[in-house]
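Report on the structure
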Amino acid sequence: MLLDILLILHLQVLVIASSSSAEEDGSSEREAEHSKGSSHQHHWGYHDQELWLSAFEHCSGKSQSPINIDTDKVSYDPKLPPLKLEGYDLTGSTALTLINNGHTLQLSLPSSMRIMRGFDQVFVAAQLHFHWGTKEVPGSEHTIDNVHFPAEIHVVHYNTKYANLAEAARKADGLAVLGGFIGIGLHDNDNYEKIMSALSDISIEESDTEIPGFNVRHLLPDSLDRFYRYNGSLTTPPCFQTVSWTVFNDSIRVSRRQLAALEDTLKTEHNKLLSKNFRAPQLLHGRKVLASFHTGRTLGKAKALPAETEDSNTMESSGHILTIVFGALFAVTLLVFSVYTYRQRKKYSKFKKDSKQNVIYKPAVVDMDQTSVTVT
Ligand SMILES: *[C@@H]1O[C@H](CO)[C@@H](O)[C@H](O)[C@H]1NC(C)=O
Ligand SMILES: *[C@@H]1O[C@H](CO)[C@@H](O)[C@H](O)[C@H]1NC(C)=O
Ligand SMILES: [Zn+2]
């Protein structure tokens, strides 16, 4: 009878489960059709990032970018070679094209700019661009311990063994992107001003201008020695998983005014403000994040060891105190109890000689108590 009821319940659960999964299947099919129909293939945006998944197959891969960098979980790798940049120091005679492409602010870079050391091959620069938010919403793509910075710069390089950026972007070892966090400082950043001062010329989508060359190295943090390294992807469709990411620990500072210029000047389609152009952090799916330096935790291990012992010492000594207190309480209880038992026994023995069971029973209780005290 009971078995029958259980069987019926079980069947019902199965029926409900299969019908709901059928619903899910149906809706995702409709979604895919919808996105194909409305040609999201070309008109992707940041407000509907979940649509990237159905319109661009790579965007749902397991090595996507950006990611959150959990400084407690990165692995210090002393063998990560330091970067050596070459040709970043451009002169004013090199004209650089600055473009508002509707998704970002992008500066084209000459092939004389290269990463000479840091990877197995030489990588050549193609362009740099930015991701940002609004005054209220910080817009870096990578996050550090789940915290966004106001903005982020990406300098895109491709492997010299490939003919161009487009070809390299599809190859596993094709791209190396340098990422730097942009925060707010007290002063205008003169290097950033070389770009920011031209923003108003390209406020309309798909417009560009030329600016004189300058030392692009100065757009990156002062120190390039401390960085994180992981394997990831383009952070925009088609999301190819071909990027070796370098995200610097040292950040860059621009003034509040300069950041506001970035956030409030450029327009995207339908003359809407181009802002919040950052993709949400993606799952690691077991990927490793390396660090060229000792992060909080690895540093902590050496340092925190005495701190930890100190902690456990404190724990132990408070444990000792508890043991003593309980021991004392127990002793007093035992004393009172024995006196009481002794008197009772005296009373009993007056009336009944055959009451030995009590005597046997009581020490048993005492033993159990003793065991529990030892355990605490
Ligand atoms: C990235 O992938 C390459 C090729 O699989 C591998 O050799 C390398 O160790 C990976 N790098 C990191 C930081 O995981
Ligand atoms: C830089 O490294 C320190 C030490 O691990 C960490 O506390 C800090 O959050 C890092 N900052 C960035 C931007 O990576
Ligand atoms: Zn980017």
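Heads up: the structure comes first, above all this text.
Structure report, in brief. If you're wondering where the values come from, they're calculated on a predicted model, not measured in any experiment.

1. A short note on the site of ligand 1
Taken together, the residues surrounding ligand 1 are Arg229, Tyr230, Asn231 and Leu290. Asn231 is positioned such that a nitrogen or oxygen atom in its side chain is 2.3 Å from an oxygen atom of ligand 1. When isolated, ligand 1 has an accessible area of 360 Å², and the protein chains bury 36% of it. The element best represented in the shell around ligand 1 is strand β12 (residues 227-232), accounting for three residues. Residues belonging to the shell around ligand 1 are distributed by class as follows: two nonpolar, one polar and one charged.

2. Here we look at the nonpolar core
One broad rule of soluble globular proteins: the nonpolar side chains tend to lie buried together. Core analysis: the biggest nonpolar cluster contains 45 residues, and Leu105, Leu128, Ile153 and Ile195 have the highest contact counts within it. When residues of this core are traced back to their parent elements, those giving at least two are β4 (95-100), β5 (105-108), β7 (123-132), β9 (151-159), β10 (175-185), α4 (190-196), β14 (252-255) and α5 (256-264). Counting residues per element, this core draws most heavily on β7, which supplies five residues. Leu105 has contacts with Leu98, Ile99, Leu128, His129, Phe130, Trp132, Ile195, Leu199, Ile202, Leu262 and Leu266, leaving out every residue within four places of it along the chain.

3. A closer look at the pattern of salt bridges
Enumeration over the complete set of coordinates arrives at five salt bridges. As a salt-bridge pair, Lys171 and Glu167 come within 3.8 Å of each other at their nearest N and O atoms. For Lys171, a relative accessible area of 30% puts it in the partly exposed group. Taking relative accessible area as the criterion, Glu167 reaches 32% and is therefore assigned partly exposed. Salt bridges here are not isolated pairs; linked through shared partners, they connect Asp188, Glu193 and Arg257.

4. Regarding the layout of surface pockets
Here the largest pocket defines a volume of roughly 950 Å³. Every residue lining the largest pocket is counted, 37 residues in all, and those nearest its centre are Trp44, Tyr46, Asn101, His103 and Thr236. For the lining of the largest pocket, the secondary structure elements donating two or more residues are β7, β9, α3 (165-168), β10 and β13 (243-248). Looking at the lining of the largest pocket element by element, the count peaks at three residues for β7. Among the residues making up the lining of the largest pocket, the classes are represented as 15 nonpolar, 17 polar and five charged. Reported here for the second largest pocket is a volume of approximately 390 Å³.

5. Description of the side chain of Asn215
Inspection of the secondary structure assignment puts Asn215 in the loop between β11 (207-212) and β12. Separated by 3.1 Å, the side chain of Asn215 and the backbone nitrogen of Arg217 make a polar contact. The residues contacting Asn215, other than those within four sequence positions of it, are Tyr88, Asp89 and Leu90.

What counts, and where the lines are drawn
- Residues numbered from 1 in each chain as written.
- Chains lettered and ligands numbered in written order.
- Predicted model: local features only at pLDDT ≥ 70, side-chain atom pairs only at ≥ 80, totals over all residues.
- Heavy atoms only, no water.
- Near = heavy atom within 4 Å.
- Polar contact = N/O pair within 3.5 Å; in protein donor to acceptor, adjacent residues only side chain to side chain.
- Areas by Shrake-Rupley, 256 points an atom, 1.4 Å probe, with all protein chains shown as cover.
- Helix = DSSP H or I, 4+ residues; strand = E, 2+ residues; numbered from the N terminus.
- Nonpolar A, V, L, I, M, F, W, Y, C, P; charged D, E, K, R; others polar.
- Core = buried A, V, L, I, M, F, W, Y, C linked by side-chain atoms within 4.5 Å.
- Buried < 20%, exposed > 50% of the residue type's maximum accessible area, 1.4 Å probe, protein only.
- Contact = heavy atoms within 4.5 Å.
- Salt bridge = Lys/Arg side-chain N within 4 Å of Asp/Glu carboxyl O.
- 1 Å grid on protein atoms, 1.4 Å probe; cavity = no way out; pocket = protein on both sides within 12 Å on 5 of 7 lines; lining within 4 Å.
- Points joined across faces, edges and corners; volume = space filled by probe spheres on them.

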